[in-house]
Amino acid sequence: MKRFLCLCAAAAAAAGCGGKDDVFEAEHTFHPLENTECVTELSSFIDEMSYVRLADDERLFLAGGISKALLDGNGNIHVLDFGGNVASIGHDGTPFGHVTRKGRAAGEYVSASDIALNGNELIVLEGPSVKFFSLDLSGNVRSAGLDSGLPFDAVAPCGKDGIYAFSSYPASPEDFSEKTDMLYRFGPDGGPVPCGIVREDCTFSMGNISQSSGNTYFLRPQNSRHIFCRLEERGAVPAYRVDFGDKAIPERYYFNAAGEDVTKYMTADYYKLPMDLHLTSSHAYFHACGPGAEDTGFVLGTDSGKGIRWTNEGGDMALNLFGADEDSFYALMLPCESYGSPGHGALYSLVAGYLLKEGQSPDGTYVVRIKFKDF
């Protein structure tokens, strides 16, 4: 089975619906199937590439693959792996001080479910609370409870002192029959305050909030209109719509056509679950679950709306673009026995081929910077 179906089966279960949220229009619309070329190699579309190899240090051990990675604007990367571990990586590939510590003391975390950045703090979501670890290596840690009874699984900053918290599941998961909010705001005066984002059909506790350049955060689409919302202090702003045309998954497909069967939903002959929107000053990247549950990556020019798309193979599930700065995207290449061999998709083959050309070994972990040409 293709990458998306494997990930969803392992990391999430389907959540229900309770009515469509209010119709709103996005600031920009992409038509990625009309305006992209399907390619099998990417090298001819690349302007520049560079890499940093991570140090062989147990503090940078990334268990089971990358769940999320964040750029802090100072050349450092903060990574959450699928084992609930957080690692901070300096611009030279060595551990960036002791930002976080895993443990059961007051200033430590046991297992993280999501991370975000706000100013000089790394936000770690852990169960019904969040902890704020100082990035100045002072060791200062503060915490706040999310007293709502909801199982939150994603966070983002909201202004200077607030946060957004996202819940893929309602407080009573056995009852999905009523309209249920998914995104909430917590401020200095408490919360939660619902933000008007409700479930329509089928959702998963994966990839719901992504970080883009300038520490901007996007909530991935939660219904068939496929609108990424930019999370600002004033609220969730409809920013980018992905219009797949007649290949977009119909409203309530999970319930009305797939019979509440996750496999039928994921393998349906439509595009669904666009996620991980990352923007440079000139390009946009996201990936989506296509027909047959194929993971499809897209890069488009933000002015022209034109670009390319490719299919990630099943063995590429540890590699996607995780973030962006003003001019480049970033990928994390983990050690792989089949590194450089045939049978991989375009992005994996691009990164592996570049590292091999640079004389690098497949036994390492690399941060790779990729700048695309204009489309």
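Report on the accompanying structure. The shown structure was predicted, so the numbers you read here are calculated from the model rather than taken from an experiment. (Residues numbered from 1 in each chain as written. Predicted model: local features only at pLDDT ≥ 70, side-chain atom pairs only at ≥ 80, totals over all residues. Heavy atoms only, no water.)

**Quick word on the overall build of the protein chain**
Turning to step 1, where the next piece is worked out: Counting its regular elements, the protein chain contains four helices and 25 strands.
Turning to step 2, where the next piece is worked out: Taken over the C-alpha atoms alone, the protein chain extends approximately 55 × 55 × 35 Å along its principal axes.
Turning to step 3, where the next piece is worked out: Across the protein chain, the mean location of the 30 positive side-chain charges is 1 Å away from that of the 51 negative side-chain charges. (Helix = DSSP H or I, 4+ residues; strand = E, 2+ residues; numbered from the N terminus. Lys, Arg positive; Asp, Glu negative; His and termini not counted. Charge placed at Lys NZ, Arg CZ, Asp CG, Glu CD.)

**Observations regarding helix H4 (residues 346-357)**
Turning to step 1, where the next piece is worked out: End to end, H4 covers 16 Å across 12 residues, agreeing with the expected 16 Å (1.5 Å per residue, within 8%).
Turning to step 2, where the next piece is worked out: All buried positions along H4 are accounted for by Ala-346, Leu-347, Tyr-348, Leu-350, Val-351, Ala-352, Tyr-354 and Leu-355.
Turning to step 3, where the next piece is worked out: Summarising the contacts, the buried residues of H4 are in contact with strand E3 (46-53), strand E22 (307-312), strand E23 (321-324), strand E24 (329-333) and strand E25 (366-372).
Turning to step 4, where the next piece is worked out: Once H4 ends, the next one or two residues include Gly-359, with phi positive near 80 degrees. (Expected span 1.5 Å × (residues − 1). Buried < 20%, exposed > 50% of the residue type's maximum accessible area, 1.4 Å probe, protein only. Contact = heavy atoms within 4.5 Å.)

**Overview of the pairing of strand E10 (residues 141-145)**
Turning to step 1, where the next piece is worked out: Bridge analysis of strand E9 (residues 129-134) against E10 gives five bridges, and the strand direction is antiparallel. Directly across from Lys-131, in E10, lies its bridge partner Ser-143.
Turning to step 2, where the next piece is worked out: Here E9 folds back onto E10, and the loop between the two strands holds six residues, one of which, Leu-137, carries a positive phi near 65 degrees. (Pairing = 2+ DSSP bridges.)

**Thoughts on the pattern of salt bridges**
Between side chains of opposite charge, pairing is possible as soon as their charged atoms come close.
Turning to step 1, where the next piece is worked out: Applying the stated criterion across every chain, the model contains 11 salt bridges.
Turning to step 2, where the next piece is worked out: Salt-bridge contacts for Glu-25 lead to Arg-225; the nearest nitrogen and oxygen are separated by 3.4 Å. In this pair, Glu-25 is assigned in the loop between helix H1 (3-11) and strand E1 (28-30) and Arg-225 in the loop between strand E16 (216-219) and strand E17 (227-232), connecting sequence segments 200 residues apart.
Turning to step 3, where the next piece is worked out: Judged by its relative accessible area of 15%, Arg-225 is buried.
Turning to step 4, where the next piece is worked out: Residue Lys-131 pairs with Glu-126 through a salt bridge whose shortest N-O separation is 3.9 Å.
Turning to step 5, where the next piece is worked out: Overall, Lys-131 belongs to the buried group, its relative accessible area being 12%.
Turning to step 6, where the next piece is worked out: Sharing partners across several salt bridges, the network here consists of Glu-27, Arg-230, Glu-232 and Arg-234. (Salt bridge = Lys/Arg side-chain N within 4 Å of Asp/Glu carboxyl O.)

**Overview of the state of the cysteines**
Turning to step 1, where the next piece is worked out: Enumeration according to the criterion identifies zero disulfides in this entry.
Turning to step 2, where the next piece is worked out: This cysteine, Cys-38, is not joined by any disulfide, and Cys-289 carries the nearest cysteine sulfur, 15 Å off.
Turning to step 3, where the next piece is worked out: Using a relative accessible area of 0% as the deciding quantity, one classes Cys-289 as buried. (Disulfide = S-S within 2.5 Å.)

**Observations concerning the packing of aromatic side chains**
Turning to step 1, where the next piece is worked out: Within the structure shown, the criterion is met by 21 aromatic pairs.
Turning to step 2, where the next piece is worked out: Ring centres of Phe-286 and Phe-298 lie 4.9 Å apart, and the angle between their planes is 20 degrees; this geometry places the pair in the stacked category. Of the two residues, Phe-286 is situated in strand E20 (residues 283-289) and Phe-298 in strand E21 (residues 295-301); the sequence distance between them amounts to 12 residues. Here the two residues Phe-286 and Phe-298 agree in accessibility, since each one is buried.
Turning to step 3, where the next piece is worked out: The ring centre of Phe-132 lies 4.0 Å from the NZ or CZ of Arg-142, which sits over that ring. (Phe/Tyr/Trp six-rings, centres within 6.5 Å; stacked < 30°, edge-to-face > 60°. Lys NZ or Arg CZ within 6 Å of the ring centre and 35° of its normal.)

**A look at the sheet that holds strand E2 (residues 36-38)**
Turning to step 1, where the next piece is worked out: Across the sheet, which stays open at both edges, the five strands sit in the order E2-E22-E21-E20-E19 with mixed pairing between neighbours. Only two strands of the sheet have a single neighbouring strand rather than two, namely E2 and strand E19 (272-279). When strand polarity is set aside, the average angle formed by the axes of neighbouring strands in this sheet is 25 degrees. (Axes fitted to C-alpha atoms, helices over the stretch in contact; angles between N-to-C directions.)

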